Amino acid sequence: MNPLWQFSLEYYRRPGVETECLSWQERLGADVNVLLMCLWCATRGRQLDCAALGSLESETPVGRWRREVIGPLRAVRRSSRAFTQGGEPERAAETDVEMHGDGLYRSLLEVELKAERIEQEMLWRWVRELPAVACGPERRTLRQLAHVNLRAYAECLAETDWGVTNIDLLLDALEPGA
């Protein structure tokens, strides 16, 4: 099993992490898998920069996979949820959606998660091929390195307002015993 996927499964279950990752996705347009990869890289002593992270979207199969597979799957899943929550019971077709839509939603979510696992495999391979980034003469703690990686990712997202994130929650969750 790829170590990025193992890290992601364990880390994402920690208190508050899922909510904060989804907040980055909704508010900043972040890819949760890339966010998790940035944190995982920090646990491996690996510093990332905006140039490398920016190339993910434009120069690798990862960006295309996200745009052409994960994005459309997510849109269909969300649309199916809207139908199941907003149908009018007196209409037969909408009643069918209400009765069967939740199962469809769960199936779509399962397929989306499988697609995200494939993305994580692609990200793991991408990281292994990256040249090392010079960290400077000082030795950084895990928290500092994770902060540097998250800042680089936020810069790629053209995000400068850190007030909309709870970066400390993500950093605290990296600590042993979190």
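None of the values given here were measured: they were computed from a predicted structure. (Residues numbered from 1 in each chain as written. Predicted model: local features only at pLDDT ≥ 70, side-chain atom pairs only at ≥ 80, totals over all residues. Heavy atoms only, no water.)

### Observations regarding the nonpolar core
Membership of the largest hydrophobic core comes to 39 residues, with the highest contact counts inside it found for Tyr11, Trp24, Met37, Leu53 and Leu150. Every element with two or more residues in this core is listed here: helix H1 (3-12), helix H2 (17-28), helix H3 (32-43), helix H4 (50-59), helix H6 (92-129), helix H7 (142-156) and helix H8 (167-172). Residue contributions to this core peak at 10 residues, all from H3. Among residues more than four places away in sequence, those in contact with Tyr11 are Val17, Leu36, Leu39, Leu170, Leu171, Ala173 and Leu174. (Core = buried A, V, L, I, M, F, W, Y, C linked by side-chain atoms within 4.5 Å. Buried < 20%, exposed > 50% of the residue type's maximum accessible area, 1.4 Å probe, protein only. Helix = DSSP H or I, 4+ residues; strand = E, 2+ residues; numbered from the N terminus. Contact = heavy atoms within 4.5 Å.)

### Here's the deal with the environment of Ala42
As for its placement among the helices and strands, Ala42 is situated in helix H3. A C-alpha to C-alpha distance of 9.0 Å links Ala42 and Thr141, two positions 99 residues apart in sequence. Discounting residues that sit within four places of it in the chain, Ala42 has contacts with Leu142, Leu145, Ala146 and Asn149.

### A short note on the packing of H2 against H3
Following both chains from N to C, one finds H2 and H3 inclined at 125 degrees, their axes separated by 9 Å at the closest point. In terms of orientation, H2 and H3 fall into the oblique class. As for the relative orientation of H2 and H3, their crossing is right-handed in sense. Contact residues: Cys21, Leu22, Trp24 and Gln25 in H2; Val32, Leu35 and Leu36 in H3. Residue classes in the contact of H2 with H3 are distributed as six nonpolar, one polar and no charged. (Axes fitted to C-alpha atoms, helices over the stretch in contact; angles between N-to-C directions. Parallel < 35°, antiparallel > 145°, perpendicular 65-115°, else oblique. Left-handed = near helix turned anticlockwise from the far one by under 90°. Nonpolar A, V, L, I, M, F, W, Y, C, P; charged D, E, K, R; others polar.)

### A word on the side chain of Thr60
On the secondary structure map, Thr60 appears in the loop between H4 and helix H5 (61-86). In this structure Thr60 comes out as buried when scored by relative accessible area, which is 15%. Looking at Thr60, its side chain comes within polar contact range of the main-chain oxygen of Leu56, at 2.6 Å. Once you skip the residues sitting within four places of it in the chain, Thr60 turns out to touch Ser55 and Trp126. (Polar contact = N/O pair within 3.5 Å; in protein donor to acceptor, adjacent residues only side chain to side chain.)

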